[in-house]
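# Report on the structure
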Amino acid sequence: MDCIQSQCKSWGCVTICYTAPLKTVFISESFGYKELRSTALKLLEILYDYEVENSPIFFHIFSNGGFMLYRYIVELLHSDKQFSSLCVIGAVVDSAPGSGNVRGALRALTATLGPQISPVIRYILLGLFAVAVFLLRIVLYPLTKYIHKNHYDAVQDRPPTWPHFFLYSRADQVIRHGDVEFFMGTVKQKGVAVHSFDFLSSPHVSHFRDFPDQYAHKCREFLVCCMKDMEETEKKKRHHVQSH
């Protein structure tokens, strides 16, 4: 993430980075606790502290953890009038979103826990997590979704209007490429401008590491495209006002 942050700064962007804690992503969200909603609210409020609320806003989301937070940001932008003046021009989604993939979730948790956790504790945590996810997010989800939809369905059902650029890979062992492609197809049908690129061989959230030049070029290309769309929209608004 530091390398991508530096790349964005070189393009003249003011960057704000946040990584959700392990407990919040793997436990709170799995059990339906909306801890990330308060985080999303604080992040949007920070834009006013940095005095960039009148500037174009661009999101860069990584994996399901980032997409879980993005889900609440989108909901707040939809519903909270205090953020109605914010100008979001686009979002890059790296290695997300995924849905109902217990095996992928276990791989993600294993990687997050790291080698410092003892094998016994690791297997206990993985076992408890697998049971919880399987029951709450697969077996009981047809019922529990009326209480708390997962991030995948929540954004898919009511997507934001700004363009999205999905970066994914068929070699990703955590997020199935089929989940990403199905999501893209659904939101595209709802009028969202969708761009995508399949890196084919890079592992989960490793597209920039394996293809740094190509990744940076495509992200910058998308950012420039979003800026041009915003400028065209502003021109049309000014022309409409002048004609009246």
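In this report, the structure presented in the accompanying data block is examined.

### Here we look at the environment of Ile 121
Positionally, Ile 121 belongs in helix α6 (residues 119-139). Overall, Ile 121 belongs to the partly exposed group, its relative accessible area being 45%. In the structure, Ile 121 is positioned 55 residues away from Arg 176 in sequence and 27 Å away in space, judged by C-alpha atoms.

### Re the nonpolar core
If you look at the biggest cluster of nonpolar residues, it comprises 49 residues, and the most contacted ones within it are Leu 44, Phe 59, Phe 67, Tyr 70, Leu 77 and Trp 162. Counting residues per element, this core draws most heavily on helix α4 (residues 63-79), which supplies nine residues. In this structure Tyr 70 touches Phe 59, Ile 61, Ala 91, Pro 160, Trp 162 and His 164, once residues within four positions along its chain are discounted. Counting 16 residues, the second largest nonpolar core, distinct from the first, contains Phe 208, Tyr 215, Cys 219 and Leu 223.

### Quick notes on the pattern of salt bridges
For the structure on display, the rule yields six salt bridges. A salt bridge links Lys 149 to Asp 157; its shortest N-O distance comes to 2.5 Å. Judged by its relative accessible area of 32%, Lys 149 is partly exposed. A salt bridge links Asp 179 to Arg 176; its shortest N-O distance comes to 3.2 Å. Its relative accessible area of 12% is what places Asp 179 among the buried residues. Judged by relative accessible area, which is 38%, Arg 176 ranks as partly exposed. When salt bridges with common partners are traced through the structure, they connect Arg 170, Glu 181 and Asp 198 into a single cluster.

### Considering the side chain of Arg 71
Its place among the elements puts Arg 71 in helix α4. By relative accessible area, Arg 71 is classed as buried at 4%. Engagement of the side chain of Arg 71 in a polar contact is seen with the backbone oxygen of Lys 149, the distance being 2.9 Å. Residues within four places of Arg 71 in sequence aside, it is in contact with Glu 29, His 148, Lys 149, Asn 150, His 151, Ala 154 and Val 155.

### Description of helix α9 (residues 177-189)
Between its first and last C-alpha atoms α9 spans 19 Å; for 13 residues at 1.5 Å apiece the expected length is 18 Å, and the two agree. For α9, every residue scored as buried is listed here: Asp 179, Val 180, Phe 183, Met 184, Thr 186 and Val 187. In an axial view of α9, the angular spread of the buried residues amounts to 165°, which keeps them on one side of the axis. Opposite the buried face of α9, at more than 90 degrees from it, the exposed residues are Phe 182, Lys 188 and Gln 189. Buried-residue contacts for α9 involve α4, α8 (151-157), β3 (164-168) and β4 (194-198).

### Concerning the packing of helix α5 (residues 102-113) against α6
The contact between α5 and α6 brings their axes to 10 Å, and the two run at 145°. The interaxial crossing formed by α5 with α6 has right-handed handedness. Contacts between α5 and α6 involve Val 102, Ala 105, Leu 106, Leu 109, Thr 110 and Leu 113 from the first element and Arg 122, Leu 125, Leu 126, Phe 129, Ala 130, Val 133, Phe 134 and Ile 138 from the second. For the contact of α5 with α6, the per-class residue count stands at 12 nonpolar, one polar and one charged.

Conventions we followed
Residues numbered from 1 in each chain as written. Predicted model: local features only at pLDDT ≥ 70, side-chain atom pairs only at ≥ 80, totals over all residues. Heavy atoms only, no water. Helix = DSSP H or I, 4+ residues; strand = E, 2+ residues; numbered from the N terminus. Buried < 20%, exposed > 50% of the residue type's maximum accessible area, 1.4 Å probe, protein only. Core = buried A, V, L, I, M, F, W, Y, C linked by side-chain atoms within 4.5 Å. Contact = heavy atoms within 4.5 Å. Salt bridge = Lys/Arg side-chain N within 4 Å of Asp/Glu carboxyl O. Polar contact = N/O pair within 3.5 Å; in protein donor to acceptor, adjacent residues only side chain to side chain. Expected span 1.5 Å × (residues − 1). Arc of directions from axis to C-beta. Axes fitted to C-alpha atoms, helices over the stretch in contact; angles between N-to-C directions. Left-handed = near helix turned anticlockwise from the far one by under 90°. Nonpolar A, V, L, I, M, F, W, Y, C, P; charged D, E, K, R; others polar.

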